[in-house]
Structure formats: structure tokens, C-alpha cells
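Overview (structure and organization)
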Amino acid sequence: MQNTPLINYDAFSHGQIVSKIWLCEELETFIPTGCTVSILGGWHNVLGFMMNVRRPNFYARIDNIDLDQNAIAVANKICNAWTIAGEVTNQVGDVENINIKSDVLISCSVEHFNNTTWFDQVPDGTIVCLQTVDVQPEEQPLWYITTPSTDLTDFASKFPLSDTYFAGTKRIQYDSFGYTRLMIIGEK
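Here goes a summary of the coordinates provided.

**Details of the packing of aromatic side chains**
- By the definition in use, this model includes nine aromatic pairs.
- Their ring planes at 80° and their centres at 4.9 Å tell us that Phe58 and Tyr59 sit as a pair that is edge-to-face.
- Taking the relative accessible area as the measure of exposure, Phe58 reaches 7% and is therefore buried.
- Judged by relative accessible area, Tyr59 falls into the buried class, the value being 5%.
- Here the aromatic rings of Trp118 and Phe119 are separated by 5.9 Å at their centres, their planes lie at 80°, and the arrangement is edge-to-face.
- For Phe119, a relative accessible area of 1% translates into the label buried.
- Through a chain of ring-to-ring contacts, the aromatic side chains of Phe113, Trp118, Phe119, Phe155 and Phe159 assemble into a single cluster.
- Directly above the aromatic system of Phe58 lies the positively charged group of Arg55, at a separation of 3.8 Å from the ring centroid.

Criteria and thresholds
- Residues numbered from 1 in each chain as written.
- Predicted model: local features only at pLDDT ≥ 70, side-chain atom pairs only at ≥ 80, totals over all residues.
- Heavy atoms only, no water.
- Phe/Tyr/Trp six-rings, centres within 6.5 Å; stacked < 30°, edge-to-face > 60°.
- Buried < 20%, exposed > 50% of the residue type's maximum accessible area, 1.4 Å probe, protein only.
- Lys NZ or Arg CZ within 6 Å of the ring centre and 35° of its normal.

Now the structure itself:
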């Protein structure tokens, strides 16, 4: 039997999917056909899959970079049709030590990076789309939040843009728990 990578089904949870649909709806209005995209900390690359399903043949290439080898193995299975076509790559890498040159840079998990060094290395003129949550580490220790943001102003101050195209929030609420997703899109 083949060694099958373990899927973390939280990648398909309601909050994850709603956040990614919101990202696609907003970001698609600001990016050109034929652009290259890098997704940092893309986990199982559900986002890359969704982007390609929503707009086939729109992107020249989508590169997913994540530290977790198992997550990359799952991403390759999820994005199989697009990895065969060469439109999606999923690679193990530390975003703080990779020279990223893409038209568009996305990270839906900036709260998990230890600092903003990776952002400082992004070339000026790059379109960036960043998401985080307003959850604090002591509220949800299993979320492994290392760089928390309290609100949209706090979040935007950590990632200064030369031109902001969009800044907004989306509330994800359940019976006894909820959080706010924060997103900024613009040019570095």
C-alpha cells in the first residue's frame, strides 16, 4: 500500500472555505489575466485549487510554498489536474529564505509567521493579499498564533502598502464561538 499523506480536514472547515471564497471574490477584481501567484504558507493549497476552479486558464502559474512536507503531499493530490498541466506547483520551503518573484503574493495565515521579515523582502510593486484573524494566542492556544492582530488597523500597520485596494473584515460566527477575519489587498 502506498504511503498516503495525512489530511488535516480543518483545511476544509466552514471558516477556512468562507475566508478563501471572500479572498477570491475581492482579489479577482484587482489582478490581470496571465499573472503569476505565490501563496505563502498555503498548507493543502485549497486556495490554489479554488482559484483555478473559479477561473480556469486565468493564471499563468500558482506556486504554493509551505514548511510542511505532508501538507505539500496533500496539496499535490488536491491540485493534481493543475500540477500535471504545470499551472500549479506545491513546494516545501521557508518563505523567510526564498526569493519570491511573482506578480501577486498571497498569505491567508500571517498570524502563524514568527515575524514580518518575509514581507520586508517582497519587491515593491507586487500586489499582495493578506489575511489573518483577530484571535489572540491565549484564547485559542491550538491555533499556534505567533503574530496576533487585534483589529484591521493593527493588522494593516504591520504590512504597510504603498496603495491599498481593499481593507475589510468578515465575521465568522458559530453558536458559542466566533472570530473576525481581516484582509488587506494592495500594492507593496
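Now that the structure has been shown, we can carry on.
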